[in-house]
Amino acid sequence: MEYNKPIAQMQPGDSVEGFYILKNAAVKTSTNGKPFLSGTLADKDGSVEVRAWDYAGPVGADGEGKIVKIRGTVSEYRGTTQIVLDRIRLAEPADPVDRSALVPTAPIDSEAAWQEIEQFVASMEDRDYQAVCRILLERHGEALRTIPAAKSVHHGFVSGLLMHTRDMLRLANFLAGQYGSVVNRDLLLAGTLLHDFAKEQEFTRSELGLVTDYSVKGQLLGHLVMGAQEAADAAREAGIPEEKSVLLQHMILSHHGEPEYGAAVRPMCAESELLSEIDIIDSRMEIYREQLAQVPEGAFSGRIFALDKKIYHHA
């Protein structure tokens, strides 16, 4: 029995016990009519699927985003590592839990990333776009420093949105130079900075700072609509021309690219086209980074839902 073994080091056949974060959980019914628990455990460096058969509680979806103590055996199912649980319960105040080993945090220098974002804003020559960015940075700066960028697909860790935004701004700045005759750099940078700010309102988070669900507004409106509304409000406050306000709103509303991927409208200007592609590139490369950390060299991953395929970890 290995205690608090890092998830990334678990191998089929291991007996494990310890404290982990319950990222998601659902009690389902098997083909033989018996209840079972299906979920995902995580620590700061990895995640693993879990199953508990003939399950009668006590932990279910109400435990998402919380620390649990488990005991079980690591196995492999259809090429994917999972833990078959013997026991699971919520952590108690007296438990010796090392939260620093559990809560996943962006692998960046957060203060340096924040300063880099501020430098991108300061570099804008268009004072209208800069003004809107400064207003919304003031409103959302604290959240931007800490919240995840997603529940689980990519950048689903503390300060994930900061990392995602900083890295996208780097790409946007490079591509604005590459296509300078076509792209307005300041519009592209502004849209890139603001595109996910409304995730602060879209998510509900646990006491650990991780996303557990979507808020009522997040489900009824979504971060694209809420983000566009807030950009319009900031544009009015800054007194910028209406066309610039509309362009910023369009950047946010179209950054998912296609309606089937959640876009309110398709990109219709060069800057919004680039923003949607930059978002795809950065999110997909983060999925690769997170998944490859759990796949041995020379091996394939299991099917990754977000990519709809498995990936290969080459030397």
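Note that the structure is predicted; figures quoted are calculated from it, not measured. (Residues numbered from 1 in each chain as written. Predicted model: local features only at pLDDT ≥ 70, side-chain atom pairs only at ≥ 80, totals over all residues. Heavy atoms only, no water.)

Caption draft 1: Geometry of the overall build of the protein. Helix and strand counts for the protein come out as nine helices and 10 strands. Counting only C-alpha atoms, the protein reaches 65 × 40 × 40 Å along its principal axes. Burial analysis of the protein (315 residues in total) assigns 50% to the buried set. When contacts within the protein are restricted to residue pairs at least 6 apart in sequence, long-range pairs at least 24 apart make up 57% of them. For the protein, the exposed surface amounts to about 15500 Å²; the carbon and sulfur share of it is 50%. Of the charged side chains in the protein, 32 are positive and 46 negative, and the gap between their average positions amounts to 5 Å. (Helix = DSSP H or I, 4+ residues; strand = E, 2+ residues; numbered from the N terminus. Buried < 20%, exposed > 50% of the residue type's maximum accessible area, 1.4 Å probe, protein only. Contact = heavy atoms within 4.5 Å. Areas by Shrake-Rupley, 256 points an atom, 1.4 Å probe, with all protein chains shown as cover. Lys, Arg positive; Asp, Glu negative; His and termini not counted. Charge placed at Lys NZ, Arg CZ, Asp CG, Glu CD.)

Caption draft 2: Examining the packing of helix H4 (residues 185-194) against helix H8 (residues 242-253) more closely. The contact between H4 and H8 brings their axes to 9 Å, and the two run at 50°. On the basis of their axis angle, the class for H4 and H8 is oblique. Crossing angle aside, the handedness with which H4 passes H8 is right-handed. The residues of H8 that touch H4, namely those facing Leu 187, Leu 188, Ala 190, Gly 191 and Leu 194, are Leu 247, Leu 248, Met 251 and Ile 252. Across the contact of H4 with H8, the residue classes tally to eight nonpolar, one polar and no charged. (Axes fitted to C-alpha atoms, helices over the stretch in contact; angles between N-to-C directions. Parallel < 35°, antiparallel > 145°, perpendicular 65-115°, else oblique. Left-handed = near helix turned anticlockwise from the far one by under 90°. Nonpolar A, V, L, I, M, F, W, Y, C, P; charged D, E, K, R; others polar.)

Caption draft 3: A look at the packing of H4 against helix H9 (residues 270-292). In contact at an axis separation of 9 Å, H4 and H9 are set at 40° when each is read in the N-to-C sense. Judged on the interaxial angle alone, H9 and H4 are oblique. In this structure, H4 meets H9 at a crossing whose hand is right-handed. For the pair formed by H4 and H9, the contact residues are Leu 187, Leu 188, Gly 191 and Thr 192 on the first element and Glu 271, Leu 274, Leu 275 and Ile 278 on the second. Looking at side-chain class alone, the contact of H4 with H9 contains five nonpolar, two polar and one charged residues.

Caption draft 4: Summary view of the nonpolar core. Counting residues in each nonpolar core, the largest one holds 46 residues, and the members touching the most others are Val 132, Leu 137, Leu 144, Leu 188 and Leu 193. For this core, the elements supplying multiple residues, two or more each, are helix H1 (110-122), helix H2 (127-146), helix H3 (160-178), H4, helix H7 (222-238), H8 and H9. Residues within four places of Leu 137 in sequence aside, it is in contact with Trp 114, Ile 117, Val 121, Leu 144, Leu 193 and Phe 197. (Core = buried A, V, L, I, M, F, W, Y, C linked by side-chain atoms within 4.5 Å.)

Caption draft 5: Geometry of the state of the cysteines. Overall, the coordinates contain zero disulfides when judged by the stated rule. Of all cysteine sulfurs, the one in Cys 269 lies closest to Cys 133, which takes part in no disulfide; the gap is 15 Å. Looking at Cys 133, the relative accessible area reads 0%, which means it is buried. (Disulfide = S-S within 2.5 Å.)

Caption draft 6: Up close: the environment of Ser 283. Topologically, Ser 283 is positioned in helix H9. By relative accessible area, Ser 283 is classed as buried at 11%. Residues Ser 283 and Ala 231, spaced 52 residues apart in sequence, show a C-alpha to C-alpha distance of 23 Å. Setting aside chain neighbours within four positions, we find Ser 283 in contact with His 154 and His 164. From its side chain, Ser 283 meets the backbone oxygen of Asp 279 in a polar contact 2.9 Å long. (Polar contact = N/O pair within 3.5 Å; in protein donor to acceptor, adjacent residues only side chain to side chain.)

Caption draft 7: Here's a closer look at the side chain of His 155. With respect to the secondary-structure elements, His 155 resides in the loop between H2 and H3. In this structure His 155 comes out as buried when scored by relative accessible area, which is 1%. Polar side-chain contacts of His 155 include one of 2.7 Å to the side chain of His 154. In this view, His 155 contacts Pro 148, Ala 149, Ala 150, Gly 160, Met 163, His 164, Asp 282, Glu 286 and Glu 290; residues no more than four positions away in its chain are not counted.

Caption draft 8: Local environment of the pattern of salt bridges. Per the counting criterion, the structure on display carries 22 salt bridges. In this structure, Asp 167 and Arg 166 form a salt bridge, with 2.6 Å as the shortest nitrogen-oxygen distance. Since its relative accessible area comes to 16%, Asp 167 is described here as buried. Take Arg 166: its relative accessible area is 10%, and that puts it in the buried class. Among the salt bridges present, the one from Glu 286 reaches Arg 289, with a minimum N-O distance of 2.8 Å. Placement of the pair is Glu 286 and Arg 289 together in helix H9, with a separation of three residues, close to one helical turn. On the basis of relative accessibility, which here comes to 3%, the residue Glu 286 falls in the buried class. A network of salt bridges, in which partner residues are shared, links Arg 139, Glu 230, Asp 233, Arg 236 and Glu 237. (Salt bridge = Lys/Arg side-chain N within 4 Å of Asp/Glu carboxyl O.)

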